[in-house]
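So the chains spell out like this:
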Amino acid sequence: MTTPVPQISVVIPSHAERRFGHLVEAIAVLRAQSPAPAEIIVVVDHNPALFERASRELTGVTVLENRFQPGVSGTRNTGAAHAAGPLLVFLDDDVRPAPDWLSRLIAPLADPTVVGAGAGTVARWETQQPRWLPDEFLWAVGASYRGLPTRTTRVRNVWSASMAVRRDPFLAAGGFRTDFGKVGDRSRPEDTELCLRLARHSGGHWVYVPDAVISHPVQADRATFRYFLVRCLNEGRGKILMARLLGTGGALTAEQRHLRSVLPRAVWHGITGPLRGAGPRPALRAGAVLAGLLAAALGAVLELLTRHPAAPPVEVGPAEVRPEPTRGRLPALVRDVELTESLPHIPAVAADGRRIERAWLLVRLHTEPIGSVLLDVPEAGLDPAALSTAIDTDLGAELLRRLPAGWPTPAPADLPAGLPPAAASAQLRRRAEVLRDPPPITVVVCTRERPEELARCLDSLLAQPYPNFRVLVVDNAPVTDATRVVTAAAASRGAVERIVEPRAGLSFARNRAVAAAPGEILAWIDDDEVADPHWLSEVARALADHPEADVVSGVIVPAELETDPQLWFESFGGHSKGRGYTPDVFSPATAARQSPLYPLPPFGTGANMTFRPGVIERIGGFDTALGAGTPAMGSEDTLAFTRVLLAGGTVVYHPAAVVRHYHRRDLAGLRKQLVGYGTGLTAAYTGLVLTDPARLLPLLRLAPTALRDLHRPEGPRLAGVGAEFPPELLAANRRGMLRGPAAYLRGRRRARRPQQVVA
């Protein structure tokens, strides 16, 4: 009986269009392998032109874009998260596998104690191997080198140019570190770090298979002595950094062994070569060995002397590379429920087979949201009657308050079939009146190198039925052409314009939009959001109903809750921060019940806010020491709202103006976001006091209440947090608060530099 071959998913990272021919060749050879891979996934690393070409020309191949920060580590993790096979094989886009490569590579994984395997690599020289380059240093050009085993054997690590690994342990260990590895010309041994960490995490071991052969091209510019020295220096730095990351003294045992045994023999062989009549080549190679060792030692010393910012508690983890969507389970289904229509049945199993654990429902009456409910989904699903009972329990009082005058009070039994038609709604009639003479609105989207998110956001804006608006995209400190390409495509379908702000930072981008659109109503939406179909219509209704309003803010609801971190963020308050769905007005007249200073921000958020003409200019613009891209990380919107109120202005909260936000999917991203919230909050207070010292005393009076609220379970910060919420995230948020004042001062110094073009 033959052992069945498990399904194999091959992930190929690609970043440069000049290597497209190599990529096509590699895919052709892959398809001829026996066994053939079940799927081939090409992941493009932040190169829109290459992604478009690969999507168009590669048939029978899944083409994705790297959803992590640039670099080969995030590119591979993206493919791994999407893969379905129990075995992952990583293959570089410019290598050429031998015909029997795949069968030989995966053979050791028949042993359950083997977590992964790596192939032998032969250099394919564009010119020829330099006379001076020793075989012991062929690793510098990505090839197998003298000193490696010559038969299949257990090793400390293999190389990601051709690596097979079990998918589940790989995902459980967190995959490749996205803050470590090859980015451009900077190289770090991300594959070695993964092998050590994964072996420790899984208890398995790695196997080197020299007979599973790939050939790797070596361009002429990599056959130079200069490249050799730079590569050795980077390797020395990378190995020291890797040892720091792993926190173990045994991380460099293989390098120490190579240094003690293989390299001394190479030097001795080179020195004695002329005595044996071998000519000058051995001596040249001995000299190269010594030069390479010195370069690596220099790199190690440089790294030892380099101070790095404190790393977050967990840089990688299962959440970071959790497949999209989460395998086997859907933490919460997000859905709208319109009460004038029949209530739906919420199934227990999604169309893709995932078990739906909860349902997050935005409940609307005549399209206007009245509240949200989060319900557990039992094995049989939620039928309309169960939904009706839950909605009546949580939102019954609010529903009665919103019903038109003269309507009979509905019983829970009336909800499953739907309430009377929407034609009776005064809210819909008022919306229609406003749309007969709609004010012109400029929608502003500030973005930086997020083409996929931007395209999705622009699609939602161009679908707005609002008849009198344009979209202004602010391309902030661009490093690629991606935003221009996306904006040009959208401009062919509607009134979309792109402007560039060269200084990195969200506040610089916001202020650029203000300067470019004087005298216009500015409605702001973030690039990782989509607008509800009625968003602009409801913004216009709020402006018409509140002529005194300087600012209108709306509600932000989740677009998806596909991962646990997304659900945790929503339980922390999401972007709505407990504001609820009841309209409100904030002004000097309301200061007794709601201070403009605390709790912040009750008035709205920059991801869904609209300013009347001249208001932003009156408060001096957005503070460029705050916001994304600064040490403070955020809160430029919070300070703007506060300054409007302190100057005697009015902010209207209008929850019928809905946008949907795609929360951070991974734990590391959520942690960074909560650190940013804490840092930005106290940074905003610092900015307020520095510009208006008279605010210090009122803030000191509020401080005891704020400190109590940090720990009160029923307080505004913790009211929605459940037992499953990781305590480390709350601690991260508090650590951010301690950093805020210093972060603001650093951001202010940076903003004063003549041309700040990097984030």
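Residues numbered from 1 in each chain as written. Predicted model: local features only at pLDDT ≥ 70, side-chain atom pairs only at ≥ 80, totals over all residues. Heavy atoms only, no water.

1. Things to note about a nonpolar patch on the surface
Here is step 1: Taken together, L696, L697 and L700 make up a surface patch of nonpolar side chains, about 280 Å² in accessible area.
Here is step 2: Relative to the elements of secondary structure, L696 occurs in helix 20 (residues 696–709). (Patch = residues over 30% accessible without salt bridge, like charges linked within 9 Å, V, L, I, M, F, W, Y side chains within 5 Å. Areas by Shrake-Rupley, 256 points an atom, 1.4 Å probe, with all protein chains shown as cover. Salt bridge = Lys/Arg side-chain N within 4 Å of Asp/Glu carboxyl O. Helix = DSSP H or I, 4+ residues; strand = E, 2+ residues; numbered from the N terminus.)

2. Describing the sheet that holds strand 11 (residues 333–338)
Here is step 1: Ordered in space as 11-13-14, the three strands form an open sheet in which the pairing is mixed. At either margin of the open sheet sits one strand with a lone partner, and together these are strand 11 and strand 14 (368–376). Taking the axes of each pair of neighbouring strands and ignoring which way they run, one obtains an average angle of 20° across the sheet.
Here is step 2: The sheet contact formed by strand 13 (residues 358–365) and strand 14 spans eight bridges and is antiparallel. If you follow R358 over to strand 14, its bridge partner there is D376.
Here is step 3: Strand contacts of helix 10 (residues 384–402): strand 11, strand 13 and strand 14, with the helix running at about 155° to strand 14, the strand carrying the most contacts. (Pairing = 2+ DSSP bridges. Axes fitted to C-alpha atoms, helices over the stretch in contact; angles between N-to-C directions. Contact = heavy atoms within 4.5 Å.)

3. A word on the side chain of R660
Here is step 1: Mapping R660 onto the fold places it in strand 23 (residues 651–661).
Here is step 2: The class for R660 is buried, based on a relative accessible area of 15%.
Here is step 3: A polar contact is formed between the side chain of R660 and the side chain of D336, at a distance of 2.6 Å.
Here is step 4: When residues no more than four places from it in sequence are discounted, the contact partners of R660 are D336, L362, R364, D528, E529, V530, D532, V557, P558 and A559. (Buried < 20%, exposed > 50% of the residue type's maximum accessible area, 1.4 Å probe, protein only. Polar contact = N/O pair within 3.5 Å; in protein donor to acceptor, adjacent residues only side chain to side chain.)

4. Section: the nonpolar core
Here is step 1: Residues L88, F90, M163, V165, F170, W206 and F228 are the most contacted members of the largest nonpolar core, which totals 38 residues.
Here is step 2: If sequence neighbours within four positions are ignored, V165 has contacts with P86, L87, L88, F90, L109, V115, G116, F170, L198 and W206.
Here is step 3: Of all hydrophobic cores here, the second largest spans 36 residues; its members include W360, V444, A517 and L522. (Core = buried A, V, L, I, M, F, W, Y, C linked by side-chain atoms within 4.5 Å.)

5. Some thoughts on the pairing of strand 13
Here is step 1: Burial runs high along strand 13: seven of the eight residues are buried.
Here is step 2: For strand 11 and strand 13, the ladder comprises six bridges, and the chain directions are parallel. Its bridge partner being in strand 13, D336 is matched across the sheet by L362.
Here is step 3: Hairpin connection, strand 13 to strand 14: the antiparallel pair is bridged by two residues, and H366 has positive phi, about 55°.

6. Some points on helix 1 (residues 20–31)
A turn of α-helix holds 3.6 residues, and therefore any two residues three or four places apart point the same way.
Here is step 1: With twelve residues, helix 1 extends 17 Å from end C-alpha to end C-alpha; this agrees with the ideal 16 Å at 1.5 Å per step.
Here is step 2: Among all positions of helix 1, only F20, L23, A26, I27 and L30 are buried. The buried side chains of helix 1 occupy one side of the element, clustering within an arc of 115° when seen end-on.
Here is step 3: Buried-residue contacts for helix 1 involve strand 1 (8–14), strand 2 (39–44), helix 2 (48–57), strand 4 (87–91) and helix 4 (101–106). (Expected span 1.5 Å × (residues − 1). Arc of directions from axis to C-beta.)

7. Focus on the pattern of salt bridges
Opposite charge on two side chains allows them to pair when their charged atoms are near.
Here is step 1: All told, the structure shown has 46 salt bridges when counted by the stated rule.
Here is step 2: Residue D92 pairs with R76 through a salt bridge whose shortest N-O separation is 3.4 Å. Of this pair, D92 sits in the loop between strand 4 and strand 5 (96–97) while R76 sits in helix 3 (residues 72–82), and the two are 16 residues apart along the sequence.
Here is step 3: Classification of D92 by relative accessible area gives buried; the value is 16%.

8. Here we look at the packing of helix 16 (residues 564–571) against helix 19 (residues 667–691)
Here is step 1: It is at 9 Å that the axes of helix 16 and helix 19 come closest, and there the two elements cross at 25°. Considering their axes alone, helix 16 and helix 19 lie roughly parallel with respect to each other. In this structure, helix 16 crosses over helix 19, and the sense of that crossing is right-handed. Packed against helix 16, whose contacting residues are P565, W568 and F569, the element helix 19 presents L667, L670, Q673 and Y677 at the interface. (Parallel < 35°, antiparallel > 145°, perpendicular 65-115°, else oblique. Left-handed = near helix turned anticlockwise from the far one by under 90°.)

9. Re the packing of helix 18 (residues 636–646) against helix 19
Here is step 1: Running from amino to carboxyl end, helix 18 crosses helix 19 at an angle of 40°, the nearest separation of the two axes being 10 Å. As summarised for this structure, helix 18 and helix 19 are arranged oblique, according to the angle between their axes. Seen from above, helix 18 lies across helix 19 with right-handed handedness. Note on element contacts: helix 19 touches helix 18 through A684, G687, L688 and T691, opposite L639, T642, R643 and L646.
Here is step 2: Looking at side-chain class alone, the contact of helix 18 with helix 19 contains four nonpolar, three polar and one charged residues. (Nonpolar A, V, L, I, M, F, W, Y, C, P; charged D, E, K, R; others polar.)

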